[in-house]
Amino acid sequence: QVQLVESGGGLVQPGGSLRLSCAASRSIDSFSFMGWYRQAPGKQRELVAAFTPGDITNYADSVKGRFTISRDNAKNTVYLQMDSLKPEDTAVYYCNVWYHMNYWGKGTLVTVSS
């Protein structure tokens with residue numbers, strides 16, 4: 001019922017920046033939760049950044065001050081701006097929304113390496 005398509009991943013050097021996009025198949029006003037998760041090899045998937053009810057943003061401690069979640073309702077898109085990237089940010093990043101149930105994108109790979 002909801003399709004999510006991530007884009008914007010790639011290879012970047014430490015200290016660089018990337019902006020991830022998550023395009024939804026319906027109005028993002030429908031979603032009570034919108035967020036980004038990531039999963040590194042051999043690691044559990046973790047919440048990176050999210051909009052929670054009341055448009056409150058939440059960030060993992062490891063990315064505070066470096067990552068910013070935003071949205072464009074007209075484009076049905078949620079963004080994750082990632083600055084000052086570190087090698088430990090390397091992971092597959094997944095878009096997630098709640099619309100009566102959880103929906104996940106297929107993920108986009110971010111590799112931070114020199």
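Residues numbered from 1 in each chain as written. Predicted model: local features only at pLDDT ≥ 70, side-chain atom pairs only at ≥ 80, totals over all residues. Heavy atoms only, no water.

*Asks:* Could you give an account of the packing of aromatic side chains, with specific residues and numbers?
*Replies:* All chains considered together, the criterion is met by 2 aromatic pairs. Aromatic side chains phenylalanine 31 and tyrosine 99 sit 6.1 Å apart centroid to centroid with 80 degrees between the ring planes, which places their arrangement in the edge-to-face category. With phenylalanine 31 in the loop between β3 (18-24) and β4 (33-39) and tyrosine 99 in the loop between β9 (91-98) and β10 (102-104), the pair connects residues that are 68 residues apart, well separated along the chain. Owing to a relative accessible area of 7%, phenylalanine 31 belongs among the buried residues under this scheme. Looking at tyrosine 99, the relative accessible area reads 13%, which means it is buried. The residue whose ring lies beneath arginine 45 is tyrosine 94, and the NZ or CZ to ring-centre distance is 3.8 Å. (Phe/Tyr/Trp six-rings, centres within 6.5 Å; stacked < 30°, edge-to-face > 60°. Helix = DSSP H or I, 4+ residues; strand = E, 2+ residues; numbered from the N terminus. Buried < 20%, exposed > 50% of the residue type's maximum accessible area, 1.4 Å probe, protein only. Lys NZ or Arg CZ within 6 Å of the ring centre and 35° of its normal.)

*Asks:* Which residues make up the pairing of strand β7 (residues 67-72), and what are the values?
*Replies:* Direction of pairing for β7 relative to strand β8 (residues 77-82): antiparallel, over a ladder of 6 bridges. In the strand pairing of β8, phenylalanine 67 is matched with methionine 82. Hairpin geometry of β7 and β8 is characterised by an intervening segment of 4 residues between the two adjacent antiparallel strands and by a positive phi of about 50 degrees at asparagine 76. (Pairing = 2+ DSSP bridges.)

*Asks:* Any chance you could break down the state of the cysteines for me, citing the residues and the numbers?
*Replies:* As enumerated under the stated definition, the model contains 1 disulfide in all. For cysteine 22, the disulfide goes to cysteine 95, at an S-S distance of 2.0 Å. Because the sign of the S-S torsion sets the handedness, a value of about -80 degrees for the bond joining cysteine 22 and cysteine 95 places this disulfide among the left-handed ones. Remark: cysteine 95 occurs in strand β9 and cysteine 22 occurs in strand β3; sequence separation between them is 73 residues. The class of cysteine 22 is buried, set by a relative accessible area of 2%. (Disulfide = S-S within 2.5 Å.)

*Asks:* Which residues make up the environment of valine 112, and what values do they have?
*Replies:* Within the element layout of this structure, valine 112 appears in strand β11 (residues 108-112). Classification of valine 112 as buried rests on a relative accessible area of 4%. The spacing of valine 112 and tyrosine 59 is 53 residues in sequence and 20 Å in space, taken between C-alpha atoms. Setting aside residues up to four positions removed in sequence, valine 112 forms contacts with Val12, Gln13, Pro14, Leu85, Lys86, Pro87, Asp89 and Thr90. (Contact = heavy atoms within 4.5 Å.)

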